[in-house]
Amino acid sequence: MIAKIGSGKSTAGLIRYLFDTKKAKDHTDPHLVASWDGFASDPGRADDFDATKLRLVADLDLRVKQARRLGRAPERHVWHCSVRAAPGDRHLTDAEWADIAHRIVAATGIAPQGDPDGCRWVAVRHADDHIHIAATKVRGDLRTARHWNDYLTADKELAAIEKEYGLKRVVRGDRTAAQRPTRAETEKARRAGKTQTSRERLRTTVRQLVSIATGPQEFLHLLDGVEGVLVDVQHFPSGDVRGYKVAVEGDTNAAGEPVWFSGAKLAPDLSFPKIRERLAGIEAPPVTKPGSRRAPSPWHQATAAAERILHHLDHGDEAAAQAHIAAFGEAVDLLPLVAPSHLRPHLQQAATAFERATRSRMRAQQDQARALQSAVRALRTAPVIGGGSGLAMFLDIAVLVVIATARWHQARRHDQQVAAAHQALVHLQAAYQQAAAEPLAALAQRRPPARTVERHAQRVLMIVPEHAQRVLDDPGWPALAAALTEAETAGHDAELLLQHGARQRTLDDAHSTARTLTWRVQRLTARQVPGVQARAARAHTSATARPARRELRRGPL
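What you see is a predicted model; the values in this text were computed from it and never measured.

A. Spatial organisation of the pattern of salt bridges. Tallying each qualifying case throughout the model produces 32 salt bridges. Arg125 is the salt-bridge partner of Asp94, the closest N and O atoms lying 2.8 Å from each other. On the criterion of sequence distance, the pair formed by Asp94 in helix H3 (residues 94-108) and Arg125 in strand S4 (residues 121-127) is long-range, its members being 31 residues apart. Using a relative accessible area of 7% as the deciding quantity, one classes Arg125 as buried. One salt bridge in this structure joins Arg278 and Glu330, with 3.0 Å as the shortest N-O distance. With Arg278 in helix H9 (residues 272-279) and Glu330 in helix H11 (residues 318-338), this pair connects stretches of sequence that are 52 residues apart. Taking relative accessible area as the criterion, Glu330 reaches 1% and is therefore assigned buried.

B. View of the environment of Ala326. Mapped onto the elements of the fold, Ala326 is located in helix H11. Ala326 sits in the buried class, given a relative accessible area of 14%. Along the chain, Ala326 and Ala364 lie 38 residues apart, while their C-alpha atoms are 8.0 Å from each other.

C. Region of the structure containing the nonpolar core. Counting 107 residues, the largest nonpolar core has Val206, Phe219, Tyr244, Phe328, Phe394 and Leu395 as its most contacted members. Ranked by the residues each element gives to this core, the list is headed by helix H14 (residues 389-411), at 15 residues. By size, the runner-up hydrophobic cluster in this structure holds 29 residues, among which are Val83, Ile100, Ile161 and Tyr165.

D. Examining unusual backbone geometry more closely. Positive phi, normally seen in glycine, also occurs at Leu142, with a value near 65°. Looking at the element boundaries, Leu142 is found in the loop between strand S5 (130-136) and helix H4 (150-165). Owing to a relative accessible area of 15%, Leu142 belongs among the buried residues under this scheme. At Asn149, a position not held by glycine, the phi torsion is positive, near 55°. Within the element layout of this structure, Asn149 appears in the loop between S5 and H4.

E. A look at the pairing of strand S7 (residues 241-248). Among the 8 residues in S7, 6 count as buried, and that is most of the element. In this structure, strand S6 (residues 229-235) lies alongside S7, joined through 7 bridges in antiparallel fashion. The residue bridging Val233 from the neighbouring strand is Tyr244, located in S7. In textbook terms, the turn of a hairpin is the stretch between consecutive antiparallel strands, and for S6 and S7 this stretch comprises 5 residues, one of which, Gly239, has a positive phi near 100°.

The rules behind each value
Residues numbered from 1 in each chain as written. Predicted model: local features only at pLDDT ≥ 70, side-chain atom pairs only at ≥ 80, totals over all residues. Heavy atoms only, no water. Salt bridge = Lys/Arg side-chain N within 4 Å of Asp/Glu carboxyl O. Helix = DSSP H or I, 4+ residues; strand = E, 2+ residues; numbered from the N terminus. Buried < 20%, exposed > 50% of the residue type's maximum accessible area, 1.4 Å probe, protein only. Core = buried A, V, L, I, M, F, W, Y, C linked by side-chain atoms within 4.5 Å. Pairing = 2+ DSSP bridges.

Have a look at this one:
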């Protein structure tokens, strides 16, 4: 069940809407199911509709008029709460809806249970799946009702009602979600033939710019250069930036003025103070000289940084973990900007979904994730070349990070964030399958001789025995065998690479263990090849360790 709560100035206007059957097509049988004393006039069941409606409005407004004569009545004296059942729930009876209405007005402070001075209210049912509660906020003692945090208290009561009535348990939030487009915004976009409202379009634009900016001033500079977006930056008298607001060019209100949105109206973490906090201390990506052979791949660096998130989620404190989730969200926001066109739809959908998983009530310790943020920003100029192996490598670890993020939120009962992470996972996995197909196929075509493959298989059995059969049966095994062979050819110890790759993170969450190991081996191989003395020392150490490992495998006599 979901509650929506608002306020207004006209009791008559609200009652007129609730009993209207002409303009509102879903109002099929409006009638009262409950009221403050159980004896309120019901226009829906009266012979004289107009007279009964006037009498109901007068009864509801009685205390408001008394308080107004004393100068105590609030300007917006109407309290309106709609309660809607979830799709698929059974149709509740009028008696059940009446019980729900009584519990909601008691929980929110409109009419506390056992309080003879509670506010006057009625519950109107005009459709099968929901009711409306209309109340006036002046109590019998002519004081204004104390209904602070009424949405949270109503939502908590609805969670208990769902459990008691056996209804669908609605995914609940923690008030850190971005504001949804209003019905008017949605209808306006539909009439204009657009798939997104202005609010949604601007939110995506701002989030992407935050993901590539290295400081608040650069963010504002990038924002000012976006085609089709109007920007208004506000300043303090000192000249410091106070905030910003944006509008879509051509989107105007009835007066012909642009429809502006402040950063906070787009999302809680997009206000300028929040952006300034997130971008403070980020190092600009290093400028690599053309033709530099030893320049590290930005994709490899970003993958290594993302892989460390898994440790922070499992062993770090909550502030550091929240910071890394938010920083990883910046990486997901960036991907549609740098990926090939055929991957962008899935990546954009993943970014839109994961945005909800980046925020919670946990306050992020931003400085804990600076290395990840810097690595993410280096991707803005990183070419997707070589069949896109760098992007595929990053998406492989991104899938594991999203799984771990969902698990982290689940442990803290962040229901909306868990649902968002699962939704993003579907699109990231689809993008990964497309991105990985070409580079893995090219690698598999370079499959080494059968004797070499058998040697690598024995290493897999020795190093990751709990995953060995899955690896060897995996369609990605030929690519892993080729990657190990190429690593050896480059002067690396394939056995040590496998050990290192297996230790970096548990492989339990990997959809394809062989593919995950392939990307790890390739990333480790890209590092500087060990010198002659280092290779000789490794060979000696490996030769010394093998007999001991064989004895361990053989077990005691």
